[in-house]
Amino acid sequence: MISLNGSSFLNNSLSGVSRSFTFSQRKVSAPMMVALSSNGQPGERNASILMESTLKEMRDGASVLDMDSKSTVDGLVEDAYGEDRATEDPPVTPWAVSVASGYSLLRDPHRNKGLAFTEKERDTHYLSGLLPPVVVSQELQIKKLMHNLRQYEVPLQKYMAMMDLQEMNERLFYKLLIDNVEELLPVVYTPTVGEACQKYGCILRRPQGLFISLKEKGEIIEVMKNWPEDKIQVIVVTDGERILGLGDLGCQGMGIPVGKLSLYTALGGIRPSACLPVTIDVGTNNEKLLNDEFYIGLRQRRATGQEYAELLHEFMAAVKQKYGEKVLIQFEDFANHNAFDLLAKYGTTHLVFNDDIQGTASVVLAGLIAALKLVGGTLADHTFLFLGAGEAGTGIAELIALEMSKQTQAPVEETRKKIWLVDSKGLIVSSRKESLQHFKQPWAHEHEPVKELVDAVKIIKPTVLIGSSGAGRTFTKEVVEAMAFFNEKPIILSLSNPTSQSECTAEEAYTWSQGRAIFASGSPFDPVEYNGKVYASGQANNAYIFPGLGLGLIMSGAIRVHDDILLAASEALAAEVTQENFDKGLIYPPFTNIRKISAHIAARVAAKAYELGLATHLPQPENLVEYAESCMYNPNYQS
Ligand SMILES: NC(=O)C1=CN([C@@H]2O[C@H](COP(=O)(O)OP(=O)(O)OC[C@H]3O[C@@H](n4cnc5c(N)ncnc54)[C@H](OP(=O)(O)O)[C@@H]3O)[C@@H](O)[C@H]2O)C=CC1
Ligand SMILES: CC(=O)C(=O)O
Ligand SMILES: [Mg+2]
């Protein structure tokens with residue numbers, strides 16, 4: 001081992017995959033430290049171009065700072081090692097990057113380019129003979145992949161092909177996803193990810209993410225050390241108990257954090273290496289899975305009470321200890337009996353956010369603010385009825401009430417009265433209050449009990465009907481017709497995922513309302529033709545919000561999520577709906593521009609974090625939209 005400046009670092013072999021070199025570097029004025037191979041020979045077979053160029057720079061007398069300043073992409077983003085790092089904190093301790101070459105480089109998903117390695121790169125990285133002669137562009141690779149993906153008729157095959165690509169060539173995966181977001185979102189996300197989770201045990205090839213089970217109790221921090229990345233900025237964690245509207249899928253819920261984090265990168269520009277999917281396995285109450293020989297999780301019924309709380313607490317403490325105060329933890333698809341409590345408990349100590357409660361609320365509020373342009377009036381002029389009074393339903397209801405309260409200066413206890421919720425037992429009314437879960441109690445208004453949704457529609461006469469029940473086809477013909485009877489333009493949102501759980505289809509919404517519904521759904525539907533007119537519905541899904549929200553929190557160094565930040569995200573998203581979108585009856589912009597939209601959401605989120613004194617990255621950048629864009633991960637190949 002050679003020490004160039006008095007400090008030295010061991011040559012690491014990443015998980016024994018290949019021999020590789022470890023570089024250590026401080027940003028800006030700190031002295032550079034470089035570690036060589038164990039025999040210290042810079043010309044050794046596995047030496048990378050990066051190592052060679054570093055040494056050349058040093059031989060030529062150029063400073064490390066010169067090298068850093070040359071290697072910038074996309075404005076402010078330093079990218080010396082092929083990773084965009086603008087959202088990172090300045091390193092306190094030196095960080096290290098391992099660079100493979102030759103055969104191992106082709107198996108390193110972070111750096112593999114497949115046939116797109118240039119002649120020069122093939123020569124320098126010892127790839128000659130390991131690839132066929134042709135050199136292709138990333139664009140041609142994408143064209144070929146799309147051609148191949150379109151051959152698959154079964155969505156799950158497409159999902160598996162995408163996961164294979166992610167494991168093989170990360171940049172190509174993200175470029176493919178970004179360039180074809182409308183077509184591929186339903187593959188890596190809802191609805192296909194739901195089926196993938198159901199069959200995860202069978203389709204699993206190379207495990208993704210970090211599995212933390214009851215077996216790891218007392219050792220979670222040690223388990224975290226096994227994860228290959230240290231600079232984590234976003235964690236999406238589930239315990240698998242309420243996966244979409246599909247119920248308890250136990251450990252197989254891992255597909256959800258993996259999918260959500262793919263969107264953090266593709267839609268929000270968070271570096272893939274800064275993303276950590278986690279599944280906490282406390283067992284499952286799903287008998288089918290417990291009896292499935294291919295099930296991948298703990299074969300026991302769910303731990304509850306103190307045992308559950310202790311494991312979660314150990315996890316939360318370990319995250320803070322390992323990744324610091326500013327790592328964003330997104331709770332995803334927990335059952336509501338844990339979700340609200342976890343959010344309340346850790347909301348004051350960690351940067352946490354519950355996507356199902358808060359992200360969904362923000363996206364739906366955005367859609368409603370936009371919809372006012374089509375139906376007229378203010379939020380307070382409308383009446384809202386929900387089917388489903390769980391995380392999504394009560395989360396959305398509360399954010400609507402809050403926004404209404406801000407607009408009208410009326411207390412939130414008053415504005416809540418414009419919002420009604422129905423659960424599996426019927427309308428939530430005061431006579432039920434004693435037996436209601438705590439998150440339903442604020443919605444127990446004075447009223448006679450009403451059992452059926454259709455009767456509630458006829459009595460309450462809502463202008464907006466929102467499905468958040470996870471129960472498919474519950475917006476029956478009678479329900480939609482009743483909405484269309486009372487409203488010229490009924491707003492109907494079927495939020496439940498995946499498609500099989502949607503409260504109604506787009507076709508049903510348009511047909512049963514004679515084409516008058518303003519409709520959006522959690523999972524996408526194809527455009528519908530009704531009476532010679534084509535109706536394209538929007539996707540009311542939290543995927544519009546969490547990537548930009550996360551970027552805004554990270555780039556401002558926010559330490560807590562505040563309701564006003566969610567409202568800011570809603571307003572930013574609503575502002576992105578164009579006249580052209582409105583003319584088509586859309587209340588959400590298409591996903592094609594999502595990175596631009598995410599940058600605007602991030603900027604508004606960051607601005608609010610600065611305004612509230614929750615931001616720690618100072619000074620505040622002058623142009624937050626430009627700054628957000630400059631922070632985004634760029635999947636184009638680097639040389
Ligand atoms: N589009 C999006 O972005 C999002 C969509 N969702 C979807 O929303 C759905 C619900 O999620 P979440 O709120 O977290 O789940 P919860 O389990 O927290 O809540 C479900 C609610 O629906 C009620 N319910 C269930 N079945 C019926 C029925 N047949 N009739 C009336 N009410 C019923 C339940 O009643 P009770 O309380 O009596 O049991 C409960 O109040 C899921 O399908 C999920 O995929 C969630 C988040 C985001
Ligand atoms: C979209 C989402 O978060 C859900 O359905 O749970
Ligand atoms: Mg969810």
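Criteria and cut-off values
Residues numbered from 1 in each chain as written. Chains lettered and ligands numbered in written order. Predicted model: local features only at pLDDT ≥ 70, side-chain atom pairs only at ≥ 80, totals over all residues. Heavy atoms only, no water. Buried < 20%, exposed > 50% of the residue type's maximum accessible area, 1.4 Å probe, protein only. Helix = DSSP H or I, 4+ residues; strand = E, 2+ residues; numbered from the N terminus. Pairing = 2+ DSSP bridges. Right-handed = clockwise from strand over helix to strand, strands pointing away. Contact = heavy atoms within 4.5 Å. Axes fitted to C-alpha atoms, helices over the stretch in contact; angles between N-to-C directions. Near = heavy atom within 4 Å. Polar contact = N/O pair within 3.5 Å; in protein donor to acceptor, adjacent residues only side chain to side chain. Nonpolar A, V, L, I, M, F, W, Y, C, P; charged D, E, K, R; others polar. UniProt positions renumbered as here; feature names shortened; annotations may be inferred. 1 Å grid on protein atoms, 1.4 Å probe; cavity = no way out; pocket = protein on both sides within 12 Å on 5 of 7 lines; lining within 4 Å. Points joined across faces, edges and corners; volume = space filled by probe spheres on them. Salt bridge = Lys/Arg side-chain N within 4 Å of Asp/Glu carboxyl O. Core = buried A, V, L, I, M, F, W, Y, C linked by side-chain atoms within 4.5 Å.

**Observations regarding the pairing of strand S9 (residues 328-331)**
Alright, step 1. Alternating residues of S9 divide into Leu 328 and Gln 330 and Ile 329 and Phe 331, and every residue in both groups is buried.
Alright, step 2. Relative to S9, strand S7 (residues 234-238) runs parallel, the two sharing 4 bridges. Bridged to Val 234 within S9 is Leu 328.
Alright, step 3. Note: S9 against strand S10 (residues 351-354), 4 bridges, orientation parallel. Along S10, the bridge assignment pairs Gln 330 with Phe 353.
Alright, step 4. Read as a crossover between parallel neighbours, the route from S9 over helix H15 (residues 336-346) to S10 is right-handed.

**Topic: the side chain of Lys 440**
Alright, step 1. Residue position: Lys 440 is located in the loop between strand S13 (426-427) and helix H19 (453-460).
Alright, step 2. On the basis of relative accessible area, Lys 440 is assigned to the buried category, the value being 11%.
Alright, step 3. For Lys 440, the contacting residues outside a window of four places in its chain are Ala 389, Asp 423 and Ile 428.

**Things to note about the sheet that holds strand S15 (residues 491-494)**
Alright, step 1. Taken in spatial order, the 7 strands line up as S13-S12-S11-S14-S15-S16-S19 in an open sheet, and their pairing is mixed. Sheet topology places S13 and strand S19 (538-539) at the edges, where each strand pairs with a single neighbour.
Alright, step 2. Both strand S11 (residues 384-387) and strand S14 (residues 464-467) contribute to a ladder of 4 bridges, which runs parallel. Looking at the pairing, Phe 386 lines up with Ile 466 of S14.
Alright, step 3. Across the sheet, H19 touches S11, strand S12 (419-423), S13 and S14, and the angle it forms with S11 is around 175°.

**Some thoughts on the site of ligand 2**
Alright, step 1. All residues in the neighbourhood of ligand 2 are listed as Tyr 189, Arg 242, Leu 244, Lys 260, Glu 332, Asp 333, Asp 355, Asp 356, Asn 497, Asn 541 and Asn 542.
Alright, step 2. In the model, an oxygen atom of ligand 2 is placed 3.0 Å from a nitrogen or oxygen of the Glu 332 side chain.
Alright, step 3. Residue composition of the shell around ligand 2, grouped by class: 2 nonpolar, 3 polar and 6 charged.

**Describing the UniProt feature "active site" (unreviewed entry) in the chain**
Alright, step 1. The positions that UniProt labels "active site" (unreviewed entry) are, in the present scheme, Tyr 189 and Lys 260. These annotated residues cover 72 residues of sequence, and their C-alpha atoms all fall within 7.4 Å of one another, placing them together at a single site. The subset of the named residues that lines the second largest pocket consists of Tyr 189 and Lys 260.
Alright, step 2. Along the chain, Lys 260 turns up in helix H12 (residues 255-266).

**So, the layout of surface pockets**
Alright, step 1. Within this model, the second largest pocket holds a volume of roughly 920 Å³.
Alright, step 2. Secondary-structure elements contributing two or more residues to the lining of the second largest pocket are H12, H15, helix H16 (355-375), helix H17 (391-408), S12 and H19.
Alright, step 3. Among the residues forming the lining of the second largest pocket, the class breakdown is 13 nonpolar, 20 polar and 11 charged.

**With respect to the pattern of salt bridges**
Alright, step 1. Within the structure shown, the criterion is met by 31 salt bridges.
Alright, step 2. With its nearest N and O atoms 2.9 Å apart, the salt bridge here joins Lys 440 to Asp 423. With Lys 440 in the loop between S13 and H19 and Asp 423 in strand S12, this residue pair connects regions lying 17 residues apart in the sequence.
Alright, step 3. Among the ionic pairs, Lys 608 bridges to Glu 611, the shortest N-O distance being 3.3 Å. You can see Lys 608 and its partner Glu 611 sitting in helix H25 (residues 594-611), 3 residues apart, about one turn around the helix.

**A look at the sheet that holds strand S8 (residues 275-281)**
Alright, step 1. One open sheet holds the 5 strands; their spatial order is S6-S8-S7-S9-S10, and the pairing between them is parallel. Looking at which strands have only one partner, the edges of the open sheet turn out to be strand S6 (210-213) and S10. On average, each strand axis in the sheet is inclined to that of its neighbour by 25°, with strand direction left out of account.
Alright, step 2. Here S6 pairs with S8 via 4 bridges, running parallel. Along S8, the bridge assignment pairs Ile 212 with Ile 280.
Alright, step 3. Relative to S8, H12 is tilted by about 165°, and along the sheet it contacts S7, S8, S9 and S10.

**Some points on the environment of Glu 182**
Alright, step 1. Within the element layout of this structure, Glu 182 appears in helix H8 (residues 181-188).
Alright, step 2. Considered as a pair, Glu 182 and Pro 257 are 75 residues apart in the sequence and their alpha carbons are 20 Å apart.
Alright, step 3. Excluding residues that lie within four positions of it along the chain, Glu 182 makes contacts with Pro 590, Phe 591 and Thr 592.

**Notes on the nonpolar core**
Alright, step 1. Judged by nonpolar contacts, the single largest core of 125 residues is most densely connected at Tyr 264 and Leu 368.
Alright, step 2. Ignoring anything within four residues of it in the chain, the contact list for Tyr 264 reads Val 234, Val 236, Gly 269, Ile 270, Cys 275, Leu 328, Gln 330, Phe 353, Phe 546, Pro 547 and Gly 550.
Alright, step 3. Residues Ile 212, Val 278, Val 282 and Leu 312 belong to the second largest nonpolar core, which totals 36 residues.

**Let's talk about the side chain of Thr 463**
Alright, step 1. Residue placement: Thr 463 occurs in the loop between H19 and S14.
Alright, step 2. Looking at Thr 463, the relative accessible area reads 18%, which means it is buried.
Alright, step 3. Within the structure, the side chain of Thr 463 is placed 2.9 Å from the side chain of His 382, a separation counted as a polar contact.
Alright, step 4. Apart from the residues lying within four places of it in its own chain, the contact partners of Thr 463 are His 382, Thr 383, Met 483, Asn 487, Pro 490 and Ile 491.

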